[in-house]
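Coordinate inspection notes
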Amino acid sequence: MSVKSTTHLNFRGDARAALEFYQSVFGGHVAAVTYKDAGNVQDPADADRVMWGQVLAENGFHVMAYDVPSGTPWDRGENAFFLSVRGETPEEIAAYWEKLSDGATIAQPLGPAQWAPLYGMLTDRFGVIWVLDVVSDHNA
């Protein structure tokens, strides 16, 4: 088993441009899935925005990013990032979730998602927002 933690940056319409900029600085490859690609369009304005994206470079640089949906409150610089934890198995992620959720506020209960076998989001008792998921072919 292995687990990776990665900074997950939050934008409103600028995620793709930010990922491309970070790629120009650190190298690597950009991967991005839009809300339309994932079949998760709640607001037509979000269809071509990034639901999941990352830059992953051979030098070890890794950052994830997405565009906060239009229906979710967001201000630039406020809630600007999540800490993303990705594991290889549902059992591994469920064990981390159980411990992190002690005293936490659950934003998205841990469960299957269209893009991952298991996904959840919470704010821990210290105010840190965590997203946990199991790596799949869609988000490797």
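The structure presented is a predicted model; accordingly, all values stated were derived computationally and were not measured.

**Re the pattern of salt bridges**
- Going through the model one piece at a time under the given rule, you end up with 4 salt bridges.
- Asp 48 is paired through a salt bridge with Lys 36; the nearest N and O atoms lie 2.9 Å apart. Remark: Lys 36 occurs in the loop between strand E2 (29-34) and strand E3 (50-56) and Asp 48 occurs in the loop between E2 and E3; sequence separation between them is 12 residues.
- Residue Arg 49 pairs with Asp 46 through a salt bridge whose shortest N-O separation is 3.2 Å.
- Its relative accessible area of 23% is what places Arg 49 among the partly exposed residues.
- You can call Asp 46 buried: its relative accessible area is 4%.

**Observations regarding the confidence of the model for the protein chain**
- Mean pLDDT for the protein chain: 90, with 96% of residues reaching 70 or above.
- Per-element mean pLDDT across the protein chain ranges from 87 in strand E5 (residues 81-87) up to 96 in E2.

**Quick look at the nonpolar core**
- The biggest cluster of nonpolar side chains holds 15 residues, and the ones touching the most others in it are Met 51, Tyr 66, Phe 82, Trp 115, Tyr 119, Met 121 and Val 131.
- The element best represented in this core is strand E7 (residues 116-123), accounting for 3 residues.
- With residues near it in sequence (within four places) discarded, Tyr 119 still touches Gln 108, Pro 109, Leu 110, Gly 111, Ala 113, Val 131, Leu 132 and Asp 133.

**Re the sheet that holds strand E4 (residues 62-67)**
- Taken in spatial order, the 8 strands make up an open sheet running E2-E3-E4-E1-E5-E8-E7-E6, and their pairing is mixed. In this open sheet, the two edge strands, each paired with only one partner strand, are E2 and strand E6 (105-113). The sheet shows a mean angle of 20 degrees between the axes of neighbouring strands, taken without regard to direction.
- Summarising the sheet, E2 and E3 pair through 6 bridges and their orientation is antiparallel. By the bridge assignment for E3, Ala 32 is matched with Gly 53.
- Against the sheet, helix H1 (residues 15-26) engages strand E1 (3-11), E2, E3 and E4, with an angle of about 170 degrees to E2.
- Running at roughly 160 degrees to strand E8 (residues 129-134), helix H2 (residues 90-100) makes contact with E1, E5, E6, E7 and E8 of the sheet.

**As for the layout of surface pockets**
- Reported here for the largest pocket is a volume of approximately 770 Å³.
- Along its surface, the largest pocket is lined by 35 residues, and Tyr 66, Pro 69, Phe 82, Tyr 119 and Met 121 are the ones closest to its centre.
- At the level of elements, E1, E3, E4, E5, E6, E7 and E8 are the ones that each hand at least two residues to the lining of the largest pocket.
- For the lining of the largest pocket, the element with the highest residue contribution is E6, accounting for 6 residues.
- Each residue belonging to the lining of the largest pocket can be placed in one class, and the counts come to 20 nonpolar, 11 polar and 4 charged.

**Let's talk about the side chain of His 8**
- With respect to the helices and strands, His 8 occurs in strand E1.
- One polar contact links His 8 to Asn 10, side chain to side chain, over a distance of 3.3 Å.
- Residues within four places of His 8 in sequence aside, it is in contact with Met 64, Ala 65, Tyr 66, Ala 80, Phe 81, Phe 82, Ser 84 and Val 131.

The rules behind these values
Residues numbered from 1 in each chain as written. Predicted model: local features only at pLDDT ≥ 70, side-chain atom pairs only at ≥ 80, totals over all residues. Heavy atoms only, no water. Salt bridge = Lys/Arg side-chain N within 4 Å of Asp/Glu carboxyl O. Helix = DSSP H or I, 4+ residues; strand = E, 2+ residues; numbered from the N terminus. Buried < 20%, exposed > 50% of the residue type's maximum accessible area, 1.4 Å probe, protein only. pLDDT = per-residue confidence, 0-100. Core = buried A, V, L, I, M, F, W, Y, C linked by side-chain atoms within 4.5 Å. Contact = heavy atoms within 4.5 Å. Pairing = 2+ DSSP bridges. Axes fitted to C-alpha atoms, helices over the stretch in contact; angles between N-to-C directions. 1 Å grid on protein atoms, 1.4 Å probe; cavity = no way out; pocket = protein on both sides within 12 Å on 5 of 7 lines; lining within 4 Å. Points joined across faces, edges and corners; volume = space filled by probe spheres on them. Nonpolar A, V, L, I, M, F, W, Y, C, P; charged D, E, K, R; others polar. Polar contact = N/O pair within 3.5 Å; in protein donor to acceptor, adjacent residues only side chain to side chain.

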